[in-house]
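# Observations on the three-dimensional arrangement
Next come the chains, spelled out residue by residue.
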Amino acid sequence: MKILVTGCAGFIGSHLTQRLLKEGHEVLGVDDFDVYYARSQKEKGLMPVLLHPKFKLVEENLATMALIKVLKGTEVVIHLAGQPGVRGSWGASFSRYLSNNIQVTQRLLEESKGSKLKRFIYASSSSVYGDVPMPEGQPELFLNEDMRVQPKSPYGVTKLAAEHLCQLYHMEYKMPTVCLRFFSVYGPGQRPDMAFHRFAQSILHDAALTIYGDGKQVRDFTYVDDVVDVINAAITSPEAVGQVVNVGGGSPCTLMEAVTLLEEISGKTSAKTFLERQKGDVMATRADTARLEKIFGFKPKVSLKEGLTRQWEWMQKFLQSEDDEKAIKANVQPIVGVDEDALAQVKADEKAAKKAAKKAKMKAVNDKLSNEAADVPGSDG
Ligand SMILES: NC(=O)c1ccc[n+]([C@@H]2O[C@H](COP(=O)([O-])OP(=O)(O)OC[C@H]3O[C@@H](n4cnc5c(N)ncnc54)[C@H](O)[C@@H]3O)[C@@H](O)[C@H]2O)c1
């Protein structure tokens, strides 16, 4: 199939693209390499597919580009491009969330309505739920898709708005939309603003871990390959059309439990700095995965221990390569500096030589003129 993957250079997008190519699909990836985090990480994620004969990369902004270019002939759209991050969504940066999460989704839906698209799969988020009140007498609450949603962050508001747009276009234009609500995705290539990436980085640099809040917040961590499996299944599952489905890892735990596990895996313990809970952070996200199982017959395969071990292994190599690159740059810079000085000296010498030549020429002309004047008889002087 011919599949358009938006946000193909991102964390989930790069894993998905590799998987779709392995399945034999033709993938057109669009990504504008947003400055939210380093381009180098995205390039590394895409490296394995860049030369694949069935992959094409279009580096453009979906908010402004002519979408017809990438939608023509496309059978499936998997829309992952977006502005992630709960904490950064307050304040002035909200406009990025509006544009990349809502407007881009609306543009894609509008441009593909009436086409023969087989699926439009949208990457929604557990952030749409917010803090759902705990029913009396229940120790824990599993969030299901029919519950009231009340996002607690501007990010969640934009993800929910885009989800509603998908539902609207499904109802009014029969678009084959599927909204998948991802719960805290992790694994190799994870975004640098996400908890496990930051924790592993601190452990590797023997620095204290920064934890927002008391660390008792619960997250349903979901391994990236499990997410990719579900997206892949959504391409062909007829039951998924028009649905909103939770994609959770199946083993929720507190942040501190995950930290302890990471310390066990790394064989290192670190100091912890607890900072104030961040606005927008919810207390608990546990996914009710009954619908996921019913529609896709899917159960997450990768345990937190196995997934974290894989992320830890990736992280060590990733940071080593980043450090190597920094060291190379640091070694190269003085040589560049010397060259620049030498270049400046050459330019100064050239200028001085030109000035001297001009002066000499003028002197020669003056000398010649005064000689000629002296030679001319009866001159008035
Ligand atoms: N990672 C998670 O835990 C998680 C959880 C819930 C939902 N999601 C959603 O899944 C999607 C992918 O998340 P991720 O963690 O891979 O994020 P990511 O930032 O790594 O990937 C998103 C990619 O989209 C690109 N992009 C953004 N705006 C664009 C635009 N206007 N035009 C073209 N490209 C654009 C970025 O350059 C980036 O490479 C996002 O929509 C996010 O909201 C992620």
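None of the values given here were measured: they were computed from a predicted structure.

### A closer look at the overall build of the protein chain
- A count of helical and extended segments in the protein chain gives 10 helices and 13 strands.
- The buried share of the protein chain, reckoned over its 381 residues, is 36%.
- Contacts in the protein chain between residues far apart in sequence, at least 24 positions, make up 84% of those at least 6 positions apart.

### Some details on the pairing of strand β2 (residues 26–30)
- Judged by how many residues are buried, β2 sits mostly within the fold: 4 of 5 residues are covered.
- Across 5 bridges, the pairing between strand β1 (residues 2–6) and β2 is parallel. Bridge pairing links Lys2 to Glu26 in β2.
- For the crossover from β1 across helix α1 (residues 11–22) to β2, the handedness is right-handed.
- In the sheet, β2 pairs with strand β3 (residues 55–58) via 4 bridges, with the strands oriented parallel. Following the sheet pairing, Val27 is matched in β3 by Phe55.
- Viewed along the sheet, the connection from β2 through helix α2 (residues 39–46) into β3 turns out right-handed.

### Quick notes on the site of the ligand
- The full set close to the ligand counts 30 residues, and Gly7, Gly10, Asp34, Gly82 and Ser125 are the nearest of them.
- Listed by contribution, the elements that provide at least two residues to the shell around the ligand are α1, α4 (94–112) and β5 (119–125).
- Here the shell around the ligand takes 3 residues from α1, the largest share from any one element.
- In terms of residue class, the shell around the ligand is made up of 15 nonpolar, 9 polar and 6 charged.

### Section: α2
- Within α2, burial applies to Lys42, Gly45 and Leu46. Summarising the axial view, the buried residues of α2 lie within an arc of 95°, below the 170-degree limit, and thus occupy one face.
- Against the buried residues of α2 lie α1.

### Things to note about the confidence of the model for the protein chain
- Per-residue confidence for the protein chain averages 90 on the pLDDT scale, and 89% of its residues sit at or above 70.
- Between residues 334–338, whose pLDDT stays under 50, and residues either more than four places distant or in other chains, the model counts 0 contacts.
- Predicted confidence for residues 368–381 stays below pLDDT 50, and this span has 1 contact to residues more than four positions away or in other chains.

### Some words on the pairing of strand β6 (residues 177–182)
- The element β6 is extensively covered by neighbouring structure, given that 6 of its 6 residues are classed as buried.
- Neither face of β6 is open: one carries Thr177, Cys179 and Arg181, the other Val178, Leu180 and Phe182, and all of them are buried.
- Where β6 meets strand β11 (residues 244–247), 4 bridges bridge the pair, whose relative direction is parallel. By the bridge assignment for β11, Phe182 is matched with Val247.

### Regarding the sheet that holds β6
- The sheet built from 7 strands is open, its strands ordered β3-β2-β1-β4-β5-β6-β11 with parallel pairing. Of all strands in the sheet, those bounded by a partner on one side alone are β3 and β11. Neighbour-to-neighbour, the strand axes of this sheet turn through a mean angle of 20°, independent of strand direction.
- For β1 and strand β4 (residues 76–79), the ladder comprises 4 bridges, and the chain directions are parallel. Residue pairing in the sheet places Thr6 in a bridge with His79 of β4.
- Lying on the sheet, helix α5 (residues 154–173) is in contact with β5, β6 and β11; it crosses β5 at an angle near 155°.
- Packing of helix α7 (residues 224–236) onto the sheet brings it into contact with β4, β5, β6 and β11, and relative to β6 it is tilted by some 170°.

### Things to note about unusual backbone geometry
- Even without glycine at this site, Lys174 takes up a positive phi of about 55°.
- Looking at where Lys174 falls in the secondary structure, it is placed in the loop between α5 and β6.
- Even without a glycine there, the phi angle at Asp206 is positive, about 50°.
- Under the C-beta neighbour-count criterion, Asp206 is labelled exposed, with 9 such atoms within 10 Å.

### Thoughts on the nonpolar core
- Among the nonpolar cores identified, the biggest contains 75 residues, and Ile78, Ile121, Leu180, Val227 and Ile231 are the most heavily contacted of them.
- Apart from the residues within four sequence positions on either side, Leu180 is in contact with Ile121, Ala123, Ser124, Val230, Ile231, Ala234, Val245 and Val247.

### Here's the deal with the packing of helix α6 (residues 195–204) against helix α8 (residues 255–266)
- It is the contact of α6 with α8, at a shortest axis distance of 11 Å, that shows an interaxial angle of 40°. As judged from the angle between their axes, α6 and α8 are oblique. Crossing geometry of α6 relative to α8 is assigned as right-handed. Contacts between α6 and α8 involve Ala195, Phe196, Phe199, Ala200 and Ile203 from the first element and Leu255, Val259, Leu262 and Ser266 from the second.
- Of the residues assigned to the contact of α6 with α8, the class counts are 8 nonpolar, 1 polar and no charged.

About the thresholds
Residues numbered from 1 in each chain as written. Predicted model: local features only at pLDDT ≥ 70, side-chain atom pairs only at ≥ 80, totals over all residues. Helix = DSSP H or I, 4+ residues; strand = E, 2+ residues; numbered from the N terminus. Buried ≥ 20, exposed ≤ 12 C-beta atoms within 10 Å, placed from the backbone. Contact = placed C-beta atoms within 7 Å. Pairing = 2+ DSSP bridges. Right-handed = clockwise from strand over helix to strand, strands pointing away. Near = placed C-beta within 6 Å. Nonpolar A, V, L, I, M, F, W, Y, C, P; charged D, E, K, R; others polar. Arc of directions from axis to C-beta. pLDDT = per-residue confidence, 0-100. Axes fitted to C-alpha atoms, helices over the stretch in contact; angles between N-to-C directions. Core = buried A, V, L, I, M, F, W, Y, C linked by C-beta atoms within 7 Å. Parallel < 35°, antiparallel > 145°, perpendicular 65-115°, else oblique. Left-handed = near helix turned anticlockwise from the far one by under 90°.

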